[in-house]
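Read off the chains here:
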Amino acid sequence: MTPGWITTTLLDNDAPGGWAVARSRDGFLHDANGPLFPREWLKRQDLSVFAEHGIGHLDGEPVCLLELDSAGEVQGCSWQGLRGFMLQGDHTLYKVLGYAAQIGTWAREHRFCGSCGQAMVQVPRERAMYCQACDLRSYPRISPSMIVLVTRGDEILLARSPRFVPGVYSTLAGFAEPGESAEDCLVREVREEVQVEVRNIQYMGSQCWPFPHSMMLGFHAEYAGGDIVPQADEIEDAQWFSIHDLPPLPASRSIARYLIDLYLARRLGHAEPVLPG
Ligand SMILES: NC(=O)C1=CN([C@@H]2O[C@H](COP(=O)(O)OP(=O)(O)OC[C@H]3O[C@@H](n4cnc5c(N)ncnc54)[C@H](O)[C@@H]3O)[C@@H](O)[C@H]2O)C=CC1
Ligand SMILES: [Mg+2]
Ligand SMILES: [Zn+2]
């Protein structure tokens, strides 16, 4: 048995046994034992299965995803969004569900060729969809995004989007555009969102963010000039906060929180946090 979670290219859906997770628009099915169910049992429930994908091995046992058309009723079970699993519970299980969500979304959105519109087929032994007419392969989509903590000595720049939980302030973030490096993206996003200039950009680490398919590239950068002007619509408020008097912060497993906690630890001489993968 290999411990932990290992994604696999593809599994044989006809081989019996293993675990399954079920996903609908309402999230993942779970009961008191969590979101993993014996696969054979789950397939016997009255669920409208749209697609089945082998996704990996957990502690050596195969795991598959049942993508559903709708959230059915299963006695003793309820549905919970991926974000809920990110916020609390076992981190390895959240990784399983995050991967399942990305594969399920990608497969659902790539049934037809984006070039000619014909049905695509699953490539054997590879996580890819294929259009024979165009000789075109589509791989799971990942969107590179940068995230940055802008610092000024004992102050850090935090902002809030109208989408955030009330009161919470976070680091700045944004999707990379074609033609940009992560650093170009950082400079542009900080300018756009708060009209501030930065220098001494330092890469701190990355995190998969399956909402729905971001790859977060995390940085610290020093303030170099400009007064904060929040971008209309995108940024509700942005401020310099003293590291000794911070507002409510993002979830502890997010890279946003890691970037903040890491800066605080270095500034205050505490032990450095570990970035959850
Ligand atoms: N893990 C973490 O700690 C954090 C993760 N994030 C994530 O970072 C990503 C980017 O942050 P935002 O401030 O929302 O982005 P942003 O500042 O670039 O603005 C969002 C806008 O970008 C456009 N957009 C949506 N999907 C896109 C894509 N795939 N490529 C290019 N443009 C796209 C849309 O117009 C959307 O309204 C999001 O996935 C967000 O959830 C943001 C903050 C913290
Ligand atoms: Mg943004
Ligand atoms: Zn095609």
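Residues numbered from 1 in each chain as written. Chains lettered and ligands numbered in written order. Predicted model: local features only at pLDDT ≥ 70, side-chain atom pairs only at ≥ 80, totals over all residues. Heavy atoms only, no water.

The name recorded for the protein in an unreviewed UniProt entry is NAD-capped RNA hydrolase NudC, from Pseudomonas grimontii. Taken from UniProt, the Subunit (unreviewed entry) comment for the protein reads in full: "Homodimer." Under the heading Sequence similarities (unreviewed entry), UniProt records this for the protein: "Belongs to the Nudix hydrolase family. NudC subfamily." (UniProt positions renumbered as here; feature names shortened; annotations may be inferred.)

Draft legend 1. Broad picture of the overall build of the protein. Per the secondary structure count, the protein includes five helices and 16 strands. Seen through its principal axes, the protein has C-alpha atoms that stretch 60 × 45 × 35 Å. With 277 residues in all, the protein has 45% of them scored as buried. Contacts in the protein between residues far apart in sequence, at least 24 positions, make up 63% of those at least 6 positions apart. Surface summary for the protein: the accessible area is close to 14,200 Å², and the carbon and sulfur share equals 50%. Positive and negative side-chain charges in the protein, numbering 23 and 35 respectively, have mean positions lying 3 Å apart. (Helix = DSSP H or I, 4+ residues; strand = E, 2+ residues; numbered from the N terminus. Buried < 20%, exposed > 50% of the residue type's maximum accessible area, 1.4 Å probe, protein only. Contact = heavy atoms within 4.5 Å. Areas by Shrake-Rupley, 256 points an atom, 1.4 Å probe, with all protein chains shown as cover. Lys, Arg positive; Asp, Glu negative; His and termini not counted. Charge placed at Lys NZ, Arg CZ, Asp CG, Glu CD.)

Draft legend 2. Region of interest: the coordination of the zinc ion (ligand 3). Each protein donor to the zinc ion (ligand 3) is listed here as C113 (SG), C116 (SG), C131 (SG) and C134 (SG); together their distances run 2.3 to 2.4 Å. If you look at the zinc ion (ligand 3), its four donor atoms make angles of 102 to 115 degrees with each other, and the shape they trace is tetrahedral. Of note, the donors binding the zinc ion (ligand 3) are all from one chain and are spaced C-x2-C-x14-C-x2-C. Highlighted residues: C116 in the loop between α3 (91–109) and β8 (121–122) and C131 in strand β9 (residues 129–131), separated in sequence by 15 residues. Accessibility expressed as a relative area gives 37% for C116, which makes it partly exposed. (Donors = N, O, S within 2.8 Å, 3.2 Å for Na, K, Ca; no water. Tetrahedral: all angles 85-135°; square planar, octahedral: opposite > 155°, others 65-115°.)

Draft legend 3. View of the UniProt feature "short sequence motif: Nudix box" (unreviewed entry) in the protein. Following the UniProt record, one finds the feature "short sequence motif: Nudix box" (unreviewed entry) at residues 174–195. Between the end C-alpha atoms of residues 174–195 the distance is 14 Å, and the span holds 59% helix and 9% strand.

Draft legend 4. Here's a closer look at the side chain of S143. With respect to the helices and strands, S143 occurs in strand β11 (residues 143–152). Among residues more than four places away in sequence, those in contact with S143 are F175, H213, S214 and M215.

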